[in-house]
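Fold and contact review
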Amino acid sequence: MIAAGEVVQRPASVVKELVENAVDAGADRIDVNIVDGGRTLIQVIDNGCGMSQEDAVLCFERHATSKISSAEDLESISTFGFRGEALASIAAIAEVTLRTRRKEDETALEVHFAASQNQGVELTQGPCGSNFMVRNLFYNVPARRKYLKSDLVEFRHIVEEFERVALTRCDIAFSLTHNGKEVFVLKPAPSLKMRIKDLYSSSVASELLDISEQTSVAAFNGFVGRPESARKGQTHQFFFVNGRYFRSPYLSKAVAKAYEGMIPDGMMPSYFIFIDVPPYSVDVNVSPTKTEIKFEEDSIIFSTLFATIKGVLGQQSFGDTLDFGGSRMTEIPISRAYNELHPLRVPDAPLDPDYNPFDTDGFPNEPNPFTSFSNDETSAFTGVSLGGTSSFADASYVDKKESYGKLFEDVQLATSSAIVLDDKYILTQRGASLLVVNIRRARLRVLYEKYYAILSRNGHCTQTALFETPVYVGVENALLLEEHLELLNLLGFEIRMFGNDTIVVSGVPEGFSADSGAVEQVVADVIDILKEKMTTLEEAMLSSMSLRFAQSAVSGGQSFQASEASRLVNDLFACSDSEITPQGKKIYVCLTTADLDKRF
Ligand SMILES: Nc1ncnc2c1ncn2[C@@H]1O[C@H](COP(=O)(O)OP(=O)(O)O)[C@@H](O)[C@H]1O
Ligand SMILES: [Mg+2]
């Protein structure tokens with residue numbers, strides 16, 4: 001009745017199936033031991049109901065399940081697994097040992113399976129519950145074994161599955177070790193919030209707002225992050241339906257929509273959303289790994305979720321979002337995300353937020369260059385300060401012997417100074433024209449070409465040294481960074497692991513802000529980039545990777561030194577393309593006397 005799917009794709013799938021079975025068996029303590037990212041050993045020990053002698057052998061048969069006795073049961077099944085093929089699939093591609101005992105039995109039983117064959121059964125001593133040991137995954141399917149990623153990658157996937165189950169059952173004690181090292185030790189938690197604190201950190205937990213809504217279609221419970229806690233990477237996003245994790249790009253849009261206008265583009269808050277619906281109204285069997293699901297009433301679920309979150313966010317005025325409760329204050333990383341939500345704005349100044357001199361060839365009527373906002377790429381919010389920042393640059397950069405790129409090769413350069421306007425524009429003379437360079441876009445182009453060259457040639461990037469700055473990133477992200485340490489090093493990051501969930505940053509690529517407050521943001525950006533592009537460096541991703549690094553480097557509102565103007569202009573015109581950014585936006589405009597004549 002149900003098409004058999006590919007159950008085991010990687011070690012994490014085995015962990016998922018075994019842990020879910022342990023939960024179904026009523027365990028209140030589940031220990032997971034992993035060796036070599038799961039390729040050598042995956043062990044799951046529970047103190048649940050255990051199995052009878054007969055079941056201990058039968059459970060490895062295809063379609064052996066104790067969870068369905070009639071076709072109707074399929075509609076109301078509420079346990080995790082229900083297809084009775086997980087253990088059979090695992091036993092087909094690994095060496096499996098099961099030791100199990102029920103309370104009512106005197107002795108435990110040990111069963112060995114390999115390549116779907118029963119290798120023998122023996123009586124033994126053992127505690128109540130089940131202990132599954134899965135060794136040498138894919139040992140008999142070399143093609144699949146070769147296809148496994150590095151231990152760190154595989155272990156990261158295991159952590160993902162582990163977290164998903166741990167979040168659904170706060171009442172169960174869980175532990176996870178990797179190569180003998182404890183990664184998580186979770187006591188039974190009195191509340192979901194405490195479990196989140198144990199899994200992540202108290203700062204993650206303290207940023208959460210409760211959601212709770214009950215309609216005739218579904219019940220919604222859980223937490224969403226405060227708007228100012230939104231990040232680019234480093235957030236935790238979970239949907240659960242009837243106690244099971246699922247992925248839903250569709251519903252995550254509902255969440256994003258509820259935050260619209262409250263957080264900068266590209267950032268997301270953490271959320272832990274538990275939806276309960278009658279079992280018959282949801283199809284969890286859409287994909288074999290059961291992470292995609294289909295709701296009967298998905299548009300109603302979408303709009304209710306949106307309205308629920310919007311309501312909760314609406315109740316929070318900005319003032320009380322700062323009240324994290326006394327002593328916890330120090331644990332809250334004040335990220336740039338917060339500052340971006342509180343840009344320095346000058347009240348009552350005549351503003352035209354849509355005005356952008358780079359979007360028009362000439363000047364629009366009565367522009368006020370001091371109050372223009374940049375509406376581009378990554379900086380959704382840019383602080384604007386009025387006047388006072390213009391300065392004269394070092395005039396020495398105007399060197400007639402130097403070539404400034406194709407556009408100006410033949411132009412006789414006039415001796416002139418450069419003016420830096422509001423940290424945003426460089427104004428300088430080029431021949432008979434006034435050259436206006438958008439600083440941010442110029443830096444984006446220059447850094448883009450630089451990172452591109454580094455990534456494609458495996459060169460080394462210059463580094464800015466920092467004081468050692470510890471940054472909490474969580475277990476999963478720590479693994480992600482560790483996995484890409486070599487690449488990050490090439491790019492100029494100096495990062496080392498510190499415990500399971502924290503890194504220490506002591507260097508960032510040139511161009512990134514070396515200000516220690518910005519390090520957390522830089523790390524978040526890097527995580528975000530790595531999450532997006534989890535594959536190795538390939539030609540196809542060179543440019544997007546370079547672009548993301550460049551965007552990340554220029555995204556801060558760093559002030560621009562007038563003395564840097566000449567170097568930036570030189571670097572810009574040394575680029576293979578100096579006219580547009582990698583995304584095709586104009587980097588500079590050139591105003592001739594004729595253009596200016598029109599204005600008078
Ligand atoms: N940890 C466990 N404790 C007790 N029984 C288990 C455990 N794991 C598996 N079983 C038994 O083995 C059966 C087969 O498991 P599985 O192949 O995962 O299928 P399903 O979970 O879909 O029933 C289960 O229905 C259950 O009866
Ligand atoms: Mg199962």
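Residues numbered from 1 in each chain as written. Chains lettered and ligands numbered in written order. Predicted model: local features only at pLDDT ≥ 70, side-chain atom pairs only at ≥ 80, totals over all residues. Heavy atoms only, no water.

Section: the overall build of the chain
A count of helices and strands for the chain gives 18 helices and 23 strands. Out of the 600 residues in the chain, the part that is buried amounts to 52%. Sequence separation of 24 or more characterises 68% of the internal contacts of the chain that already satisfy a separation of 6 or more. When the accessible area of the chain is evaluated, it comes to approximately 27300 Å², of which 51% is carbon and sulfur surface. (Helix = DSSP H or I, 4+ residues; strand = E, 2+ residues; numbered from the N terminus. Buried < 20%, exposed > 50% of the residue type's maximum accessible area, 1.4 Å probe, protein only. Contact = heavy atoms within 4.5 Å. Areas by Shrake-Rupley, 256 points an atom, 1.4 Å probe, with all protein chains shown as cover.)

Here's the deal with the packing of helix α9 (residues 249–258) against helix α10 (residues 298–315)
Direction vectors running N to C along α9 and α10 enclose 30 degrees, while the axes themselves pass 8 Å from each other. As summarised for this structure, α9 and α10 are arranged roughly parallel, according to the angle between their axes. The crossing of α9 and α10 is right-handed. Taking contact as the criterion, the partners of Tyr250, Leu251, Lys253, Ala254, Val255, Lys257 and Ala258 in α9 are, on α10, Asp298, Ser299, Ile301, Phe302, Leu305, Phe306, Ile309, Lys310 and Leu313. Within the contact of α9 with α10, the residues separate by chemical class into eleven nonpolar, one polar and four charged. (Axes fitted to C-alpha atoms, helices over the stretch in contact; angles between N-to-C directions. Parallel < 35°, antiparallel > 145°, perpendicular 65-115°, else oblique. Left-handed = near helix turned anticlockwise from the far one by under 90°. Nonpolar A, V, L, I, M, F, W, Y, C, P; charged D, E, K, R; others polar.)

Notes on unusual backbone geometry
Unlike most non-glycine residues, Ser116 shows phi in positive territory, near 65 degrees. Residue position: Ser116 is located in the loop between β4 (108–114) and β5 (117–124). Of note, Asn179 is a non-glycine position whose phi angle comes to about 50 degrees, a positive value. Position of Asn179 among the secondary structure elements: in the loop between β7 (173–178) and β8 (181–186). Overall, the relative accessible area of 45% leaves Asn179 in the partly exposed class.

Points about the sheet that holds strand β10 (residues 219–225)
Taken together, the five strands give an open sheet; going across it, the order is β9-β10-β13-β11-β12, and neighbouring strands pair in mixed fashion. Since the sheet does not close on itself, it has two edges, and those belong to β9 (208–214) and β12 (244–246), each with one partner. For this sheet the average axis-to-axis angle between neighbouring strands, irrespective of direction, equals 20 degrees. Alignment of strand β11 (residues 237–241) against β12, held across three bridges, turns out to be antiparallel. By the bridge assignment for β12, Phe239 is matched with Phe246. (Pairing = 2+ DSSP bridges.)

Comments concerning the pattern of salt bridges
Within the structure shown, the criterion is met by 14 salt bridges. Among the ionic pairs, Glu154 bridges to Arg10, the shortest N-O distance being 3.0 Å. Within this pair, whereas Glu154 is found in helix α6 (residues 151–168), its partner Arg10 is found in the segment before α1 (11–24), the two being separated by 144 residues in sequence. Here Glu154 falls in the buried class, since its relative accessible area comes to 2%. (Salt bridge = Lys/Arg side-chain N within 4 Å of Asp/Glu carboxyl O.)

A short note on α10
Look at α10: 26 Å from first C-alpha to last across 18 residues, which is about the 26 Å you get at 1.5 Å a residue. Looking only at α10, the buried set comprises Ile301, Phe302, Thr304, Leu305, Thr308, Ile309, Val312 and Leu313. Among the structural elements, β9, β10, β11, α9, β13 (271–276) and β15 (294–295) are those in contact with the buried residues of α10. (Expected span 1.5 Å × (residues − 1).)

Topic: the nonpolar core
Counting 63 residues, the largest nonpolar core has Ile30, Phe60 and Ile196 as the members making the most contacts within it. Residues in contact with Phe60, not counting those within four places in the same chain, are Leu87, Ala88, Ala91, Val96, Leu98, Val111, Phe113 and Phe132. (Core = buried A, V, L, I, M, F, W, Y, C linked by side-chain atoms within 4.5 Å.)

Re the sheet that holds β8
With mixed pairing, eight strands are arranged side by side in an open sheet as β5-β4-β3-β6-β2-β1-β7-β8. Both edges of this open sheet fall to β5 and β8, since each of them pairs with a single strand only. Neighbour to neighbour, the strand axes of the sheet diverge by 10 degrees on average, direction disregarded. In this sheet, β8 lies alongside β7 in antiparallel orientation, the contact comprising five bridges. For Thr177, the partnering residue across the bridge sits in β8 and is Glu182.

Topic: the confidence of the model for the chain
For the chain, the average pLDDT comes to 77, and 72% of its residues sit at 70 or higher. A low-confidence stretch, residues 1–5 (pLDDT under 50), is modelled with eleven contacts involving residues beyond four sequence positions or located in other chains. Contacts for the low-pLDDT stretch residues 77–82, under 50 throughout, to residues beyond four places or in other chains number 23 contacts. (pLDDT = per-residue confidence, 0-100.)

Focus: helix α13 (residues 475–483)
Within α13, eight of the nine residues are buried, which leaves the element mostly enclosed by the surrounding structure. Buried within α13 are the following residues: Val475, Glu476, Asn477, Ala478, Leu479, Leu480, Leu481 and Glu483.

Description of the packing of α1 against α6
Remark: α1 packs on α6, axes separated minimally by 8 Å, with the N-to-C direction vectors making an angle of 25 degrees. Taken together, α1 and α6 sit at an angle that is classed as roughly parallel. Crossing of α1 over α6 shows right-handed handedness. Contacts between α1 and α6 involve Pro11, Ala12, Val15, Lys16, Val19, Glu20 and Val23 on the former and, on the latter, Glu154, His157, Ile158, Glu161 and Val165. Partitioning the contact of α1 with α6 into residue classes produces seven nonpolar, one polar and four charged.

Side note on the pairing of strand β2 (residues 41–46)
Most of β2 is tucked away, with five of its six residues classed as buried. Sheet topology note: the strand β1 (residues 29–35)/β2 ladder contains six bridges and is antiparallel. Its bridge partner being in β2, Asn33 is matched across the sheet by Gln43. Connecting β1 to the antiparallel partner β2 that follows it, the hairpin turn spans five residues, and Asp36 within it adopts a positive phi of roughly 55 degrees. For β2 and strand β6 (residues 129–135), the ladder comprises six bridges, and the chain directions are antiparallel. Bridged to Ile42 within β6 is Val134.

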